[in-house]
Amino acid sequence: MKRNMTTSSDANLLVLILSIISHTECLKFPLTMPYVHPRLPNKESYLCTGVAVDPETPLYITGFKPTASRETVHHLMVIGCEYPVSNVDMNLWNCGGTLSEAGLPNPGGTCPGSTATQILFMWSLDADGLDFPPDVSLTVGGNSSIQHLVVQVHYVSNEVIPYEGDTSGVIVDYQATPTDYSAGIVSLHVHGKIPAGGIAYWDSACRLLGSAPIQPWAFLGHTHHLGQLVTGWYVSENQTWTGLGKSNPQKPQRFNPIMNERILVPGDILAARCVMQSDDTNKEVSQGLSSKMEMCDFFLYFWTRREDFAQGPAGQQCTNKGPPEVSWGTMGLSN
């Protein structure tokens, strides 16, 4: 009879393999509302809840899976705060200005106690989640610029919320081991107006900050119900336009693969446009938090080498005033 034997070196190798598997295992954390019952005194409300991350030990996010329905939620966002949330006496607070709930803290924002925030994920209209590319992750905790994760939920209905309360939010996929590449987001926003019964082009543009090259890999366009089209572009110095993303914001608003893969460097021009159309001939529509107002946002996810990430543009948010005062033309761009 042949005896199966395991040498000490074999055993050490097995322990090493099991250790590697356990450290790269995908873990999950629910970042969700704590069984809430929004009363919607203003027909809609913005609520926030969150979790502090370990300032001593970094973790590496590899995806977001939404747990929400458009029957209840207009949109939700995951936001990274520079510091742990403060000035709230419970882990649930109003974070939408006047679109608030009675009896909850009103600290004045999504990340009370922080001046720097980063939008990490957005969802609307029953879109699916986001999986990061292989060997790419989003660093939180440790000495990173994200010390608190907050989910912001924009409620527009409470008719189908179960008796025990609502738990809209996301499941965060993460791991304990670092990846070779780190992810970040840059975004462009417009605060414009739409004339009564008219069409408006809400344009934004800015130059990339930082000192490290980046590789875009996903984009998302967001508007409310008047948005017809959202586009994002790279514009060269000689006014050559290369499309990065194009989406219909009346369909599920998800992060989609970038249209044209290219490396971007500091100083490159990013541009975005939201085409808006209003059929209401009686009133002008402005930018605002309410679902009856409008938004224009273009989010661009990128990755770069982990050792270069601190020199990249993660968290850069470019906001333009929009029409009628500001357009691509007034910013020196022609298309």
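Please read these numbers as outputs of a predicted model, since none were measured by experiment.

Peer 1: Tell me about the overall build of the protein, and name the residues and values.
Peer 2: A tally of regular secondary structure across the protein gives one helix and 21 strands. In summary, the protein has a C-alpha radius of gyration of 22 Å against a globular reference of 20 Å for 335 residues, a match within 12%. Taking all contacts inside the protein whose residues are at least 6 apart in sequence as the whole, residues at least 24 apart take part in 85%. As displayed, the protein offers around 16,100 Å² of accessible surface, 53% of which is attributable to carbon and sulfur atoms. Treating the 19 positive side-chain charges of the protein as one cloud and the 30 negative ones as another, the clouds have centres 5 Å apart.

Peer 1: Mind laying out unusual backbone geometry, listing which residues take part and the relevant values?
Peer 2: Cis geometry is adopted by the peptide bond preceding Pro-324, which originates at Pro-323 and carries an omega value of 5 degrees. Looking at the element boundaries, Pro-324 is found in the segment after strand E21 (317-320). Even without being a glycine, Tyr-35 presents a positive backbone phi close to 55 degrees. For Tyr-35, the position within the fold is in the loop between strand E1 (27-32) and strand E2 (45-52). Owing to a relative accessible area of 54%, Tyr-35 belongs among the exposed residues under this scheme. Despite not being glycine, Gln-239 shows a phi value in the positive range, around 65 degrees. With respect to the helices and strands, the residue Gln-239 is situated in the loop between strand E15 (227-235) and strand E16 (241-247). For Gln-239, a relative accessible area of 27% gives the class partly exposed.

Peer 1: So what about the nonpolar core? Which residues, and what values?
Peer 2: With 52 residues, the main nonpolar core has Phe-64, Phe-121, Phe-132, Phe-255 and Tyr-301 as its most contacted residues. Broken down by element, this core gets its largest block of residues, six residues, from strand E4 (residues 73-81). With 26 residues, the next largest nonpolar core counts Val-190, Val-230, Ala-272 and Phe-302 among its residues.

Peer 1: I'd like a description of the state of the cysteines, backed by residues and values.
Peer 2: Taken as a whole, this structure holds four disulfides when the rule is applied. Covalent S-S linkage joins Cys-48 and Cys-95, the inter-sulfur distance amounting to 2.2 Å. Around the S-S axis, the bridge from Cys-48 to Cys-95 shows a dihedral of about 95 degrees and counts as right-handed. Of the two residues, Cys-48 sits in strand E2 while Cys-95 sits in the loop between strand E5 (93-94) and strand E6 (117-124), which places them 47 residues apart along the sequence. Each member of the pair, Cys-48 together with Cys-95, is buried. Cysteine pairing in the protein follows 1-3, 2-4, 5-8, 6-7, where each cysteine in a disulfide is numbered by its order in the sequence.

Peer 1: Lay out the sheet that holds strand E9 (residues 148-155) with the relevant residues and their values.
Peer 2: Here five strands make up an open sheet; going across it, the order is E5-E2-E9-E4-E6 and the pairing antiparallel. Two strands in the sheet have a free side with no partner beyond their single neighbour: E5 and E6. Alignment of E4 against E6, held across seven bridges, turns out to be antiparallel. Counted as the bridge partner of His-75 is Ser-124 from E6.

Peer 1: Requested: an account of the pairing of E16, with residues and values cited.
Peer 2: Consecutive side chains of a regular strand alternate in pointing toward one face of the sheet and then the other. Counting buried residues along E16, six of its seven residues qualify, which places the element largely inside the surrounding structure. By the bridge criterion, six bridges tie E15 to E16 in an arrangement that is antiparallel. Bridging from a neighbouring strand, Val-230 pairs with Ser-247 of E16. Following E15, the chain reverses through five residues before pairing antiparallel with E16; Gln-239 in that reversal takes a positive phi of roughly 65 degrees.

Criteria and cut-off values
Residues numbered from 1 in each chain as written. Predicted model: local features only at pLDDT ≥ 70, side-chain atom pairs only at ≥ 80, totals over all residues. Heavy atoms only, no water. Helix = DSSP H or I, 4+ residues; strand = E, 2+ residues; numbered from the N terminus. Rg over C-alpha atoms; globule rule 2.2 N^0.38 Å. Contact = heavy atoms within 4.5 Å. Areas by Shrake-Rupley, 256 points an atom, 1.4 Å probe, with all protein chains shown as cover. Lys, Arg positive; Asp, Glu negative; His and termini not counted. Charge placed at Lys NZ, Arg CZ, Asp CG, Glu CD. Buried < 20%, exposed > 50% of the residue type's maximum accessible area, 1.4 Å probe, protein only. Core = buried A, V, L, I, M, F, W, Y, C linked by side-chain atoms within 4.5 Å. Disulfide = S-S within 2.5 Å. Pairing = 2+ DSSP bridges.

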